[in-house]
Amino acid sequence: MLRTTPADQPTTDPEQNESVETRRPTVADGAALWRLARDSRVLDLNASYAYLLWCRDFAGTSIVATVDREPIGFVTGYHRPAEPGTLMIWQVAVAAAYRGRGLARRMLDELVERTGPTTLETTITPDNEASVRLFSTFAARHGAGLDVAPVFDSSQFPDGHETELLYRIGPLG
């Protein structure tokens, strides 16, 4: 069972040796989120400016995990304007030293609990096994349907990007 805390209050994980806290990101976290995305070597790296804006404008639909106040992971998302009940997850990153501990799952679950969407969406390239596993097990854990379909074909990208598959999970709640 997830702990419910006020959105701006951190939650800690007593099962870890380190005290991992989760909270809304702030602008002060933007540079660290950019570095986490860069260091992941799998995420599309946006301009550092984008992470600062994200932490300012979409903090309510994003989450950051910290140890000793240093970001070690994040999930960024937003409510789709045409479907406000849909939470679109943009990026998920966990520092290499903290992978394999269920931190991405925890952040995703806490973010969904906090934001209360009826549907969750994300896009994943077919070769991203970790993300496929994260979102497939999320759907199963929440007893929700999972539909997967191409959303952006590789021919639509100007830079040779792989096809992105839309993972649509719901209904939730």
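Described in the following lines is the structure provided in the data block. (Residues numbered from 1 in each chain as written. Predicted model: local features only at pLDDT ≥ 70, side-chain atom pairs only at ≥ 80, totals over all residues. Heavy atoms only, no water.)

1. Considerations on the pairing of strand β6 (residues 119-124)
Quick note on the threshold: Exposure categories follow from relative accessible area, calculated using a 1.4 Å probe and restricted to protein chains: below 20% of the type maximum is buried, above 50% is exposed, and the middle band is partly exposed. To qualify as a helix, a DSSP run of H or I must reach at least 4 residues; to qualify as a strand, a run of E must reach at least 2; elements of each kind are numbered from the N terminus. At least two DSSP bridges between two strands are required for those strands to pair. Classification remark: right-handed applies to a crossover when, strands pointing away from the viewer, the course from the first strand over the helix to the second runs clockwise.
With respect to burial, β6 is a largely interior element, 5 of its 6 residues being buried. As paired strands, strand β5 (residues 83-94) and β6 are joined by 4 bridges and run parallel to one another. Paired with leucine 87 across the two strands is leucine 120, which belongs to β6. Read from β5 through helix α3 (residues 103-115) to β6, the crossover connection turns out right-handed.

2. Considering the pairing of β5
The pairing of strand β4 (residues 70-80) with β5 spans 8 bridges and is antiparallel. When the sheet's bridge partners are listed, arginine 80 is paired in β5 with glutamate 83. The turn joining β4 and β5, which pair antiparallel and follow one another in sequence, is formed by 2 residues.

3. Some remarks on the layout of surface pockets
Put simply, the rule reads: As defined here, a cavity is a set of points on a 1 Å grid over the protein atoms alone where a 1.4 Å probe fits but cannot get out. A pocket is an open set with protein on both sides within 12 Å along at least five of seven lines, and residues line them when an atom is within 4 Å of a point. Grid points are joined across faces, edges and corners, and a volume is the space filled by probe spheres set on the points.
A volume near 1000 Å³ is recorded for the largest pocket. In terms of lining, the largest pocket is formed by 38 residues, of which the most central are Val42, Leu43, Val92, Asn128 and Ser131. Looking at the lining of the largest pocket, the elements that each hand over two or more residues are β5, α3, β6 and α4 (129-141). Of all the elements, β5 adds the most residues to the lining of the largest pocket, at 7 residues.

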